[in-house]
Amino acid sequence: MILRTAHWTVIPSVAKESNSMRIIDGKAISQAVKDEVRAEVAAIEAEGKRKPCLCVIIVGENPASQVYVRNKVKAAAYTGMESMLIELPATVSEEELLGKIAELNADPAVDGILVQLPLPKHIDEEKVIDAISAAKDVDGFHPSNVAGLWLGKDCVVPCTPAGVMRLLDSTGVDLSGKTAVVVGRSNIVGKPVAKLRLDRNATVVIAHSRTADLASVCRQADILVAAVGRPGLITGDMVKPGAIIIDVGINRTPEGKLCGDVDFASCSEVAGWITPVPGGVGPMTIAMLMKNTLRCYRSK
Ligand code: NAD
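Residues numbered from 1 in each chain as written. Predicted model: local features only at pLDDT ≥ 70, side-chain atom pairs only at ≥ 80, totals over all residues. Heavy atoms only, no water.

### Remarks on the packing of aromatic side chains
Describing an aromatic ring pair means giving the distance of the ring centres and the angle of the ring planes. The condition is simple: By convention, a stacked pair of Phe, Tyr or Trp rings (six-membered ring in the case of Trp) has centres within 6.5 Å and planes under 30 degrees apart, an edge-to-face pair has planes over 60 apart, and any other such pair is tilted. Here, a charge over a ring is recorded when the distance from Lys NZ or Arg CZ to the ring centre is within 6 Å and its angle to the ring normal is within 35 degrees.
Taken as a whole and assessed by the stated rule, the structure comprises zero aromatic pairs. One residue, K34, lies across the ring of Y78, its end atom 5.8 Å from the ring centre. Here R38 stacks its cationic end above the ring of Y78, 4.4 Å away from the centre of that ring.

### Side note on the pairing of strand β9 (residues 223-226)
For a regular strand, the rule is simple: side chains alternate between the two faces of the sheet. We apply this condition: For the exposure calls, accessible area comes from a 1.4 Å probe over protein chains only, and a residue counts as buried if that area is under 20% of its type's maximum, exposed if over 50%, partly exposed in between. By the criteria applied, helices consist of DSSP H or I runs no shorter than four residues and strands consist of E runs no shorter than two, each listed in order from the N terminus. When DSSP finds two or more bridges between a pair of strands, those strands are recorded as paired.
Judged by which residues are buried, β9 turns out to be covered on both faces: I223 and V225 on one side and L224 and A226 on the other are all buried. Alignment of strand β7 (residues 179-183) against β9, held across four bridges, turns out to be parallel. Within β9, the position partnered with V182 by the bridge is V225. In terms of strand pairing, β9 meets strand β10 (residues 244-247) through four bridges, oriented parallel. The residue bridging I223 from the neighbouring strand is I244, located in β10.

### A look at the packing of helix α1 (residues 26-46) against helix α10 (residues 281-298)
Quick reminder of the rule: Here an angle of 0 to 180 degrees is reported between the N-to-C directions of two axes, which are lines fitted to C-alpha atoms, with helices fitted over the stretch in contact. Should an angle fall under 35 degrees it is taken as roughly parallel, and over 145 as roughly antiparallel, whereas 65 to 115 is taken as roughly perpendicular and any remaining angle as oblique. By definition, any crossing whose near helix is turned counterclockwise from its far helix by less than a right angle is left-handed, and any crossing with a clockwise turn is right-handed. Contacts are assigned to residue pairs with any non-hydrogen atoms lying within 4.5 Å of each other. In this classification, Asp, Glu, Lys and Arg are treated as charged, Ala, Val, Leu, Ile, Met, Phe, Trp, Tyr, Cys and Pro as nonpolar, and every other residue, Gly included, as polar.
Two numbers describe how α1 lies on α10: the axes approach to 8 Å, and their chain directions differ by 25°. Relative to α10, α1 is oriented roughly parallel. The two elements α1 and α10 cross, and the hand of that crossing is left-handed. Facing G26, K27, I29, S30, V33, K34, E36, V37, E40, V41 and I44 of α1, the residues of α10 in contact are P283, M284, A287, M288, M290, K291, L294, Y297 and R298. Residue composition of the contact of α1 with α10, by class: twelve nonpolar, two polar and six charged.

### Focus on the site of the ligand
Formally: Proximity is defined per residue: if any heavy atom of the residue lies within 4 Å of a molecule or strand, that residue is considered near it. Each polar contact in these results corresponds to two N or O atoms within 3.5 Å; when the atoms are within protein, one needs to be able to donate a hydrogen and the other to accept it, and residues that are neighboring in sequence are counted only if both atoms are side-chain atoms.
Residues in contact with the ligand amount to 22 residues; listed here are only the nearest, R185, S186, V248, I250 and T285. Interatomic distance of 2.8 Å between a backbone N/O atom of R185 and an oxygen atom of the ligand. In this structure, S186 approaches the ligand through a side-chain N or O atom, which is 2.5 Å from an oxygen atom. With three residues, α10 is the largest single contributor of residues to the shell around the ligand. In terms of residue class, the shell around the ligand is made up of ten nonpolar, ten polar and two charged.

So yeah, pure geometry; function would need other evidence.
Okay, structure coming up:
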């Protein structure tokens, strides 16, 4: 029997008698987030005010980036906010791109600026991120926002980590005193995920490519987040019974199928909660981008 609720699906585990494994439904939760934004945008419009505007810049023709950018613009349209898509050729110079960003920084009608990464090799990504006004940095990658996060200030939080927290919140589990492991130490996922869970009083561990005995570190986790980019790295024998598992990884199998860093089949036998790929963290990232755009609009 499968019990479906608004945000998760309960599958009684065959491995345990007293516990049920629940799939955290990122699609449903991201829809709820987008609907919250949509209602707020409608209220802004009803007051006769200017609507929030997100500007997305894409450089070159990376097919994966094109899909991400299209989905971001589509989500913005769904929420009712304005959006602008600026497509620049792969040959655009760093100077021209920085010039475009300066123009958008100065434009009062633009609330959020996102430059889709990765950029062509001749452009310094760090320079580009630094050039975006922190007040319009909807990705939360600008050094001021990164510092703000680590200093506990009110700032823009990167979309994927914010989405991970929203998924965790949907379980209703209090993180205080829990052991929270994140595998991966990138600036855009691993480190901010660790800080956000530290803020909830979890005991935080950041594991990475040099971690000795990753399996035993993961087995300590009440909450396990995988953000590595290696299909099936986390297997059921690495999971504490009843743990919450959030799979951030986006990988492709040799057959071209999307998969995460977590071996879903074996881990779902042990976990208490788990996100699928696709349909877990992926849609949350875009939904939180909409939240961040609204936040930048409001903090003007
Ligand atoms: P990254 O390549 O910057 O970092 C990967 C991290 O994994 C590194 O810190 C490294 O130390 C660690 N690592 C590598 N091999 C390891 C191993 N064998 N054992 C333990 N740790 C290991 O990656 P990222 O940008 O943080 O992305 C991670 C994954 O998340 C990728 O699959 C990416 O596509 C995905 N991602 C998904 C979303 C989303 O919206 N769902 C957003 C961002 C990233």
